[in-house]
Amino acid sequence: MTAAQQSPTPSAQQERDPRLKEIDTLTLKQWLDQGRVQLIDVREPGEYADERIPGAINMPLSSFDPARVPASTPEKPVVLQCRMGSRSIRAGCQLLEYGWPEAMSLKGGIEAWKAAKLPTTRTRNAPISLMRQVQIAAGSLVVAGTLLGAFVHPAWLLLSGFVGAGLVFAGITNTCGLALLLARMPWNRGQTL
């Protein structure tokens, strides 16, 4: 393995601002065990309820307010975390814009944490994950558009095409409008943990 393969290229956000740091799962685990880190989970409440890193506080990106984030100190830094790392980087950029000298994000998010076989916590009767909700909603719309197009009027096929285009856009931009809409639904909000 070459040195280039061992150190991945930084994200576009990090290239713009070197004050945005990423830490690995083992470092975070060590800091959590020592009680010397404040972990902020920026996923939506439904995702947080479904599965989270023990000790994380939920502050969803959809309503993220840098003024409400506890102050980071050298003795107890704040680390942001999401599912894969992109939302926590966006939250970190908000902290930097707010005036923080640096921001830290868990590289690979909770998925990297789970891949390292580290423990997670779940809430009983939590709603299904936001990703699964998006898959169910998008799939249902595609099936409905196809069936309506076949049996009612061909114009209904545009619904399937619209959903497909939306999924392509979500994949390219890493921003899913359907996920943002579903995150605002009553069953995904107001989770008290």
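Just so we're clear, the structure is a prediction, and the values are computed from it rather than from any experiment.

Cut-offs applied
- Residues numbered from 1 in each chain as written.
- Predicted model: local features only at pLDDT ≥ 70, side-chain atom pairs only at ≥ 80, totals over all residues.
- Heavy atoms only, no water.
- Helix = DSSP H or I, 4+ residues; strand = E, 2+ residues; numbered from the N terminus.
- Buried < 20%, exposed > 50% of the residue type's maximum accessible area, 1.4 Å probe, protein only.
- Contact = heavy atoms within 4.5 Å.
- Areas by Shrake-Rupley, 256 points an atom, 1.4 Å probe, with all protein chains shown as cover.
- Core = buried A, V, L, I, M, F, W, Y, C linked by side-chain atoms within 4.5 Å.
- Pairing = 2+ DSSP bridges.
- 1 Å grid on protein atoms, 1.4 Å probe; cavity = no way out; pocket = protein on both sides within 12 Å on 5 of 7 lines; lining within 4 Å.
- Points joined across faces, edges and corners; volume = space filled by probe spheres on them.
- Nonpolar A, V, L, I, M, F, W, Y, C, P; charged D, E, K, R; others polar.
- Salt bridge = Lys/Arg side-chain N within 4 Å of Asp/Glu carboxyl O.

A. Quick peek at the overall build of the protein. Check the secondary structure of the protein and you find nine helices and five strands. Going from N to C terminus, the protein has its helices and strands arranged as α-α-β-α-β-α-β-β-α-β-α-α-α-α. Taken over 193 residues, the protein has a buried fraction of 36%. Within the protein, counting contacts between residues at least 6 apart in sequence, those at least 24 apart form 66% of the total. About 11,200 Å² of surface is accessible on the protein, with carbon and sulfur atoms providing 60% of the total.

B. View of the nonpolar core. Counting 14 residues, the largest nonpolar core has Ile23, Leu28, Trp31, Leu39, Ile53 and Val79 as the members making the most contacts within it. Taken together, the elements giving at least two residues each to this core come down to helix H3 (25-34), strand S5 (103-106) and helix H6 (109-115). What Leu28 contacts, discounting residues up to four positions off in sequence, is Ile23, Val37, Leu39, Ile53, Val79, Leu106 and Trp113. In this structure, Val78, Cys82, Leu95 and Trp100 belong to the second largest nonpolar core, which totals 12 residues.

C. Region of interest: the sheet that holds strand S1 (residues 20-23). Read across the open sheet, the five strands follow the order S1-S5-S4-S2-S3; overall the sheet is parallel. Pairing within the sheet leaves two strands with one partner each, and these edge strands are S1 and strand S3 (57-58). Bridge count for S1 against S5 is four bridges, and the pairing is parallel. Bridge pairing in S5 places Ile23 opposite Leu106.

D. Local environment of the layout of surface pockets. If you add up the space inside the largest pocket, you get close to 750 Å³. Around the largest pocket, the lining is made up of 29 residues, and of these Glu47, Arg83, Arg87, Met131 and Ala179 lie nearest the centre. Where the lining of the largest pocket is concerned, the elements lending two or more residues are helix H4 (45-50), helix H5 (86-98), H6, helix H7 (130-151), helix H8 (157-173) and helix H9 (177-183). Tallied by class, the residues present in the lining of the largest pocket amount to 12 nonpolar, six polar and 11 charged. As a volume, the second largest pocket reaches approximately 230 Å³. For the second largest pocket, the lining is made up of 14 residues, of which Phe162, Val163, Gly166, Leu167 and Leu178 are closest to its centre. Counting only elements with at least two residues in the lining of the second largest pocket, the list comes to H7, H8 and H9. Residue contributions to the lining of the second largest pocket peak at eight residues, all from H8. Here the residues of the lining of the second largest pocket are counted per class, giving 11 nonpolar, three polar and no charged.

E. Region of interest: the pattern of salt bridges. Tallied over the entire structure, the rule returns nine salt bridges. Notably, a salt bridge pairs Lys29 with Asp33, separated by 2.9 Å at the nearest N-O pair. You can see Lys29 and its partner Asp33 sitting in helix H3, four residues apart, about one turn around the helix. Between Asp50 and Arg122 there is a salt bridge, and its shortest N-O distance comes to 3.4 Å. You can see Asp50 sitting in helix H4 and its partner Arg122 sitting in the loop between H6 and H7, a full 72 residues away along the chain.

F. Focus on the side chain of Glu47. With respect to the helices and strands, Glu47 occurs in helix H4. Residue class for Glu47 comes out buried when judged on its relative accessible area of 9%. Excluding its chain neighbours within four sequence positions, the residues that come into contact with Glu47 are Arg87 and Leu130.

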